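One-letter residues, chain by chain:
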Amino acid sequence: MSPNTSTTTRLLLIRHGESKSNAERWISGHNTCGGLTDLGRAQASLLSERLARSSSAAPDVVLSSTMPRAVATAEIVATPIGSPVRQMFDLSERIPGECEGVTFEEYHATYGKFPFVDWEPALSPGGESNIEFLARITRVLAEVTAEHDGRTVWIVCHGGIIMGATALLMRTPGGAAAPQWQNPANTSVTEFVRATIDARWTLQRYNDHAHLEGHQPLGDVALSV
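Residues numbered from 1 in each chain as written. Predicted model: local features only at pLDDT ≥ 70, side-chain atom pairs only at ≥ 80, totals over all residues. Heavy atoms only, no water.

Q: Describe the overall build of the protein, with residues and values.
A: On a plain count of helices and strands, the protein comes out with six helices and six strands. Along the protein, helices (α) and strands (β) appear in the sequence β-α-α-β-α-β-α-α-β-α-β-β when read from the amino end. For the protein, the exposed surface amounts to about 10200 Å²; the carbon and sulfur share of it is 54%. (Helix = DSSP H or I, 4+ residues; strand = E, 2+ residues; numbered from the N terminus. Areas by Shrake-Rupley, 256 points an atom, 1.4 Å probe, with all protein chains shown as cover.)

Q: An account of the pattern of salt bridges is needed here, citing residue identities and associated values.
A: What the rule picks out here adds up to 11 salt bridges. A salt bridge links Asp-90 to Arg-139, with the shortest nitrogen-to-oxygen separation between them at 3.1 Å. You can see Asp-90 sitting in the loop between strand E3 (85–88) and helix H4 (104–111) and its partner Arg-139 sitting in helix H5 (residues 130–147), a full 49 residues away along the chain. Residues Asp-149 and Arg-194 are paired through a salt bridge, measuring 3.3 Å at the closest nitrogen-oxygen approach. You can see Asp-149 sitting in the loop between H5 and strand E4 (152–157) and its partner Arg-194 sitting in strand E5 (residues 189–194), a full 45 residues away along the chain. Among the charged side chains, a network of salt bridges with common partners joins Arg-10, Arg-50, Glu-191, Arg-205 and Asp-208. (Salt bridge = Lys/Arg side-chain N within 4 Å of Asp/Glu carboxyl O.)

Q: So what's going on with the sheet that holds E3? Which residues, and what values?
A: What the six strands build is an open sheet, ordered E3-E2-E4-E1-E5-E6; its pairing is mixed. If you trace the sheet from one side to the other, it starts and ends with E3 and strand E6 (202–208), each paired once. Ignoring strand direction, the axes of neighbouring strands in this sheet form an average angle of 20°. On top of the sheet, helix H2 (residues 38–52) reaches strand E1 (9–15), E4, E5 and E6; it is set at about 160° to E1, its chief contact. (Pairing = 2+ DSSP bridges. Axes fitted to C-alpha atoms, helices over the stretch in contact; angles between N-to-C directions. Contact = heavy atoms within 4.5 Å.)

Q: Give me the lowdown on the side chain of Arg-194, citing residues and values where you can.
A: Using a relative accessible area of 7% as the deciding quantity, one classes Arg-194 as buried. Polar side-chain contacts of Arg-194 include one of 3.3 Å to the backbone oxygen of Thr-196. Dropping the residues within four chain positions of it, Arg-194 is found in contact with Thr-7, Thr-8, Thr-9, Thr-145, Asp-149, Ala-199, Arg-200 and Trp-201. (Buried < 20%, exposed > 50% of the residue type's maximum accessible area, 1.4 Å probe, protein only. Polar contact = N/O pair within 3.5 Å; in protein donor to acceptor, adjacent residues only side chain to side chain.)

Q: Before we move on, can you summarise unusual backbone geometry with the specific residues and values?
A: A positive phi angle, near 60°, is found at Arg-25, a position not held by glycine. The exposure class assigned to Arg-25 is partly exposed, which follows from its relative accessible area of 41%. One non-glycine residue, Asn-207, adopts positive backbone phi at about 60°. Looking at the element boundaries, Asn-207 is found in strand E6. Owing to a relative accessible area of 9%, Asn-207 belongs among the buried residues under this scheme.

Q: Any chance you could break down helix H6 (residues 159–169) for me, citing the residues and the numbers?
A: Two residues of an α-helix separated by three or four positions point the same way, owing to the 3.6 residues in each turn. In terms of burial, H6 is largely enclosed, as eight of its 11 residues are buried. Gly-159, Gly-160, Ile-161, Ile-162, Gly-164, Ala-165, Thr-166 and Leu-169 are the residues of H6 that are buried. Contacts from the buried residues of H6 go to E1, H5, E4, E5 and E6.

Q: Which residues make up H2, and what values do they have?
A: End to end, H2 covers 21 Å across 15 residues, agreeing with the expected 21 Å (1.5 Å per residue, within 8%). Buried within H2 are the following residues: Gly-40, Gln-43, Ala-44, Leu-46, Leu-47, Ser-48 and Leu-51. Buried residues along H2 sit in contact with E1, helix H3 (68–78), E4 and E5. (Expected span 1.5 Å × (residues − 1).)

Next comes the structure, spelled out in structure tokens:
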């Protein structure tokens, strides 16, 4: 697509559609990502139709996590606009460690706690800590925004990436004092804009999933990496 000559940079952070791990309640990583469910593909199609109707949201570039559920979502939403999808590993969900592939019930039996409630020092041995995960998000955001300054970028990724990016771009405090951002719904859109490269980011919308209204129960947001 032709480059955008605007000085305004727009980031649309899109969570993937419902995944098999969301629906069947297991902890997935790169080796165990089961891709999208039929509902997840339908959600992505609804978002695709919505975005195709919005000329102001037309992207200069579409980026995606390398995880199958995000790649499939990106391909669906990008098809109507004819944009290629560039995959980036650093947009992937937090690395879970040795608990990858286990069910929520198995996780609770093994570690004595529920997944996605207490992430410290990591979800399990070998997984990314909060510090490591946020450092990765910081790195990939800097890379993307430097390369695509003044453009509109769609980033198809994961709930953890979106919550972490929101905390970083909004400059909220870390640790126990940090605001608890709601895990965004599948195929929701979170949008940030920046007028110039040295300006602060403005949050335009968070967890916007209006395209799903009437197609699935709202408020039942699956927590899963």
